[in-house]
Amino acid sequence: MSYSSLHNHSEFSFLDGFASVEEYLKRASSIGLKAIALTEHGNFMSAPYVHKAKKNYPDLKIIYGCEFYECADHNVKNPDSRYWHLVLLAKNEAGRIAINELITKGEFEGKYYGKPRVDLQQIKPYADNLICTTACLASKLSREKDYSKCIDYVMEFKNIFNKNNFFLEMQAHRSEDQVEYNKKILQLSKDTNTPYIITTDSHAATAEQLEYQAIWVGVAHDSETLSESYEGCYMQSEFEIHTVMDGQIGANNVDVGLDNTNLIADMIEDVQMPFQNPKLPSFKLPEGYTERSYIEKLLAEGWTKRGFDNLPEDKQKIRRERLDEELNVIDKMGFIGYFLIENLMVRWGKKNNILFGPGRGSAAGALLCYLLEITEVDPVEYDLIFSRFLNEERKSLPDIDTDLYPKDRVIKFLQEEYGQMSVCQIANISYSSPNVSVKDTIRILDRDPKRFEKFGKKIGTQKAFEIAKLFTHEKWEDCIAANGQAINKYSDEIYKDVFRIAEHLSGRAHHISIHAGGVGIVDEEITDYMPMRLTDKGEQVIQVDKKIVEEIGIVKYDLLSLSNLSIIKEAKEIAGIEDWEINPNNPEFLKDEMTFDLLCKGDTGGIFQLESVGMTQTVVGIQPRDIRDVCLALALYRPDTMGMLEEFIARRQGKSPVSYMHPDMEPILKETLGIQAYQEQTLQIVRTFGGWSFGKADLFRRAIGKKIPEEIKRLVDELRGSIIENGYSEETADEICTLLRDKGGLKYITRKR
């Protein structure tokens, strides 16, 4: 058994660490390490990804930790003594939560020069569940030149962490400063009877990656990061560490330092990240109510408020049956609380001058959302399907996108309702695209005087943008597949280096921002799950990407800040327009002749989603006369349906006949003149021809919408069999399946006779 690597930085030490989680685990496994810890700079963002990947490396122990920014007093902001580095590792589950809380304290209480700082007094209450090592050349012991003070610092650390939980740290690098520091650590170990470990402070998984990591660091524009030396900062084998360090401190001492890394690994329990099904926060019910009885009360109030009591009996019956069905589904799935919280936000918001949009996305297909005032569209009136939003066969949380303004006041209300530390916004990790990677690589390489000496020229900004235009696809391999011939024209050696390096940069975590709408709410504290960061605007953001937040058990509400709502409000006030005049439920508004005259003329400037040149041409071609026509224009103006725009317009103008591939297709596509424009039509086609349930049909819709090739192939093959079993011909089955398969399925279903 080799040693344990306890100090490593992945790509989540943004624009500093380079290697991915998978690359580190693969490297650690290949060189026979016992354990590995990823210790990002001041954050914990790699932890969930390590947890997800570790199942592929059963012989490798995973340790969770962080390289903190230690300071003398987190309340003092002294530019001459800003912070030092200090590594803390979680001994157990309590230690994992301790790291969460300390990172959050650093963000909320000690942030200075952009770094989340903590002091030893903040660390002390958590010390029993942590193991501390003294980190790198940026540590307090390294920067302190008075040896006697270093001894005092060591004794202070040992007093806080007790002698078993504190280790000195030296690193396997060759720089003159590091060699001297390693010798200093060895002496401190002897003089204070303190064990030491050896680490590599890895910023890359392999030596070969250091070339790319050097470019990556250059992207950061961080003078402190750029000034650091990364020689040897990769995950070395035991042999490589001995090669570097035997001449510095002696082979026996190297063995001791490596053995102590395994001692730490043995001291640490197997810690599990909190991956679990999402846990709905509790809703504070009025006395005497259950969730079911309370939502029934709210729905009854909504029924009256929406005027359903005044509808003809047959229309009331349709809505009553629909509502009962929806309510039973959300009750069985345990989601009533979710809708009560949504309703709570909206009710509070409307009473406190928060502006709301009428609703968007699949949630508009829920009648109960309409009655709870979450949306403003009656789904029965527009043939919207509830199971596209939610069904028992798709085990996922409701997904309601709520447009509102201003968002910060709603978040503050939720924090008052559930607790300051129980509500957060969600992180969004941006990865370096091929386009950005090419431009960054050229910019950094053009700075290198050795390259100028070699080639006698720089590539320059103008040429960089010209080349980058060939790399606009999301993945590097897709860029090569699409533009390989044009890329190969840049065959000079000066460009070959650019493409080789940029390919390795592409797809790396580049920076962190805030998800446009995601807000997490929990009953406990967010730090029971993961740490939070604090933005310059005071926003609390959990250190989890939007893709993982629900996997660790946090329910996400999508509250989208839309400043257009404020512009609309101001315009209404200036023009003296009452709310009802432009309400989606006002039949006069939906058929306002003057409005549609303007649209038909192409006067779409300033109209959300209609003002682009292509969209304006589409609107003019369709000549909309009511809101359904506008919806259809928007549906057709998408990549997968745009090819049928001319055909639809020709049919609408009577220049091309309307036809259907099968008589049973007519009721589904009649409104859209035989062209499949809506996802609801996909559901209906699969149900009608395949005989599938709404839930199963929705799984098909999601697969083709998300363009998941393996899932599409499996479901299409199954659908073909179902269509034939349902009594349709093989020809009909093949035609439907081929067209649904093409481009994710959003194509027209028609055949001219």
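Quick notes on the rules
- Residues numbered from 1 in each chain as written.
- Predicted model: local features only at pLDDT ≥ 70, side-chain atom pairs only at ≥ 80, totals over all residues.
- Heavy atoms only, no water.
- Helix = DSSP H or I, 4+ residues; strand = E, 2+ residues; numbered from the N terminus.
- Buried < 20%, exposed > 50% of the residue type's maximum accessible area, 1.4 Å probe, protein only.
- Contact = heavy atoms within 4.5 Å.
- Areas by Shrake-Rupley, 256 points an atom, 1.4 Å probe, with all protein chains shown as cover.
- Lys, Arg positive; Asp, Glu negative; His and termini not counted.
- Charge placed at Lys NZ, Arg CZ, Asp CG, Glu CD.
- Core = buried A, V, L, I, M, F, W, Y, C linked by side-chain atoms within 4.5 Å.
- Polar contact = N/O pair within 3.5 Å; in protein donor to acceptor, adjacent residues only side chain to side chain.
- Pairing = 2+ DSSP bridges.
- Right-handed = clockwise from strand over helix to strand, strands pointing away.
- Phe/Tyr/Trp six-rings, centres within 6.5 Å; stacked < 30°, edge-to-face > 60°.
- Lys NZ or Arg CZ within 6 Å of the ring centre and 35° of its normal.
- Disulfide = S-S within 2.5 Å.
- Axes fitted to C-alpha atoms, helices over the stretch in contact; angles between N-to-C directions.
- Parallel < 35°, antiparallel > 145°, perpendicular 65-115°, else oblique.
- Nonpolar A, V, L, I, M, F, W, Y, C, P; charged D, E, K, R; others polar.
- Expected span 1.5 Å × (residues − 1).
- Salt bridge = Lys/Arg side-chain N within 4 Å of Asp/Glu carboxyl O.
- Arc of directions from axis to C-beta.
- pLDDT = per-residue confidence, 0-100.
- Patch = residues over 30% accessible without salt bridge, like charges linked within 9 Å, V, L, I, M, F, W, Y side chains within 5 Å.

## Details of the overall build of the chain
Secondary structure assignment for the chain yields 33 helices and 16 strands. In terms of its C-alpha atoms, the chain occupies a principal-axis envelope of roughly 90 × 70 × 60 Å. Sorting the 753 residues of the chain into buried and exposed places 54% on the buried side. The contacts of the chain with a sequence gap of at least 6 include a subset with a gap of at least 24, amounting to 75%. When the accessible area of the chain is evaluated, it comes to approximately 33,800 Å², of which 50% is carbon and sulfur surface. Of note, the chain has its 94 positive side-chain charges centred 3 Å away from the centre of its 119 negative side-chain charges.

## Quick look at the nonpolar core
Membership of the largest hydrophobic core comes to 81 residues, with the highest contact counts inside it found for Ile36, Leu88, Leu141, Phe161, Ile198 and Met245. Considering each element in turn, this core owes the most residues, six residues, to helix α6 (residues 147-161). Judged by nonpolar contacts, the second largest core, of 49 residues, contains Tyr338, Ile354, Tyr370 and Leu559.

## Observations concerning the side chain of threonine 134
Examined against the element boundaries, threonine 134 turns out to sit in the loop between β6 (130-133) and α5 (140-143). Judged by relative accessible area, which is 1%, threonine 134 ranks as buried. Separated by 2.9 Å, the side chain of threonine 134 and the backbone nitrogen of glutamate 169 make a polar contact.

## As for the pairing of strand β7 (residues 166-171)
Consecutive side chains along a regular strand alternate between the two faces of the sheet. Taken across its six residues, β7 has six buried, putting it largely inside the fold. Direction of pairing for β6 relative to β7: parallel, over a ladder of two bridges. Its bridge partner being in β7, cysteine 132 is matched across the sheet by phenylalanine 166. In this fold, the crossover linking β7 to strand β8 (residues 196-199) by way of helix α7 (residues 176-192) has right-handed handedness.

## Side note on unusual backbone geometry
Cis rather than trans, the peptide bond between tyrosine 405 and proline 406 has omega equal to -5°. As for its placement among the helices and strands, proline 406 is situated in the loop between β11 (401-405) and α17 (407-418). Residue glutamate 373 is not a glycine yet carries a positive backbone phi of 65°. Here glutamate 373 is to be found in the loop between α15 (367-371) and α16 (386-389).

## Looking at the environment of leucine 299
With respect to the helices, strands and loops of the structure, leucine 299 is situated in helix α12 (residues 291-305). Taking C-alpha positions, leucine 299 is 16 Å from isoleucine 318, a pair spaced 19 residues apart along the chain. Beyond its immediate chain neighbours, meaning those up to four positions away, leucine 299 contacts Leu323, Leu327, Leu368, Leu371 and Leu372.

## Observations concerning the packing of aromatic side chains
Using the criterion set out here, one finds 22 aromatic pairs in the structure. Seen in terms of ring centroids, phenylalanine 18 and tryptophan 216 are 6.3 Å apart; in terms of plane orientation they differ by 80°. Their pairing is edge-to-face. You can see phenylalanine 18 sitting in the loop between β1 (4-5) and α1 (21-30) and its partner tryptophan 216 sitting in helix α8 (residues 210-219), a full 198 residues away along the chain. Exposure remark for tryptophan 216: the relative accessible area of 0% places this residue in the buried category. Here the basic side chain of arginine 306 rests over the ring of tyrosine 370, its NZ or CZ set 4.1 Å away from the ring centre.

## Thoughts on the state of the cysteines
For the structure on display, the rule yields zero disulfides. Considering cysteine sulfurs only, cysteine 132 is the nearest to cysteine 66, which forms no disulfide, with 12 Å between them.

## A few points about the packing of α8 against helix α18 (residues 434-445)
Where α8 meets α18, the closest approach of the two axes is 9 Å, and the angle between their N-to-C directions is 95°. When the axes of α8 and α18 are compared, the pair comes out roughly perpendicular. In contact with Ile215, Gly218 and Val219 of α8, α18 contributes Asp440, Thr441, Arg443, Ile444 and Leu445. Here the residues of the contact of α8 with α18 sort into four nonpolar, two polar and two charged.

## Looking at the side chain of glutamine 540
One can find glutamine 540 in strand β15 (residues 540-545). What makes glutamine 540 buried here is its relative accessible area of 5%.

## Observations regarding the pairing of strand β4 (residues 84-90)
With seven of its seven residues buried, β4 lies for the most part within the structure. Burial along β4 is two-sided: the face carrying Trp84, Leu86, Leu88 and Ala90 and the face carrying His85, Val87 and Leu89 are both buried. Bridge analysis of strand β3 (residues 61-70) against β4 gives six bridges, and the strand direction is antiparallel. Bridge pairing links phenylalanine 68 to leucine 86 in β4. Across four bridges, β4 lies against β6 in antiparallel orientation. Each residue of the ladder has a partner; that of leucine 88, found in β6, is cysteine 132.

## Section: helix α3 (residues 93-109)
Given 3.6 residues to a turn, an α-helix orients residues that are three or four positions apart in the same direction. Between its first and last C-alpha, α3 extends 24 Å over 17 residues, near the 24 Å set by a 1.5 Å rise per residue. Every buried residue of α3 is accounted for by Gly95, Arg96, Ala98, Ile99, Asn100, Leu102, Ile103, Thr104, Gly106 and Glu107. Its side-chain oxygen at 3.2 Å from the backbone nitrogen of alanine 94, asparagine 92 defines the N-terminal cap of α3.

## Here's the deal with the pattern of salt bridges
Following the criterion strictly, the structure yields 43 salt bridges and no others. Of the charged contacts in the structure, one is a salt bridge between glutamate 551 and lysine 52, with a shortest N-O distance of 2.7 Å. Pair noted here: glutamate 551 is in the loop between β15 and β16 (552-561) and lysine 52 is in helix α2 (residues 47-53), with a separation of 499 residues, a long-range link. Judged by its relative accessible area of 34%, lysine 52 is partly exposed. Notably, a salt bridge pairs glutamate 593 with arginine 625, separated by 2.6 Å at the nearest N-O pair. Here glutamate 593, found in helix α25 (residues 593-600), pairs with arginine 625, found in the loop between α26 (613-622) and α27 (627-636); they are 32 residues apart in sequence, far enough to count as distant. The class of glutamate 593 is partly exposed, set by a relative accessible area of 48%. Arginine 625 sits in the partly exposed class, given a relative accessible area of 32%.

## Some remarks on α1
By the burial criterion, the buried members of α1 are Val21, Tyr24, Leu25, Arg27 and Ala28. Summarising the axial view, the buried residues of α1 lie within an arc of 165°, below the 170-degree limit, and thus occupy one face. In α1, the exposed positions that point more than 90 degrees away from the buried face belong to Lys26 and Ser30. Just downstream of α1, glycine 32 is the residue with a positive phi angle, here 75°.

## A closer look at the confidence of the model for the chain
Considering every residue of the chain, the mean pLDDT works out to 92; 97% of them sit at 70 or more. A low-confidence stretch, residues 743-753 stays under pLDDT 50, and its non-local contacts, those more than four residues away or across chains, total 48 contacts.

## As for a negative patch on the surface
Among the surface-exposed residues, Glu474, Glu477, Asp478 and Glu503 lie close enough to one another that they form a single negatively charged patch. Mapped onto the fold, glutamate 477 is located in helix α21 (residues 476-488).

## Notes on a nonpolar patch on the surface
Residues Ile568, Ile577 and Ile582 make up a contiguous nonpolar surface patch of about 210 Å² in total accessible area. The topology assignment puts isoleucine 582 in the loop between α23 (564-575) and α24 (587-590).

## What about the environment of alanine 509?
Along the polypeptide, alanine 509 turns up in strand β13 (residues 509-521). Using a relative accessible area of 0% as the deciding quantity, one classes alanine 509 as buried. C-alpha separation for the pair alanine 509 and serine 13, spaced 496 residues apart in sequence, amounts to 8.8 Å.

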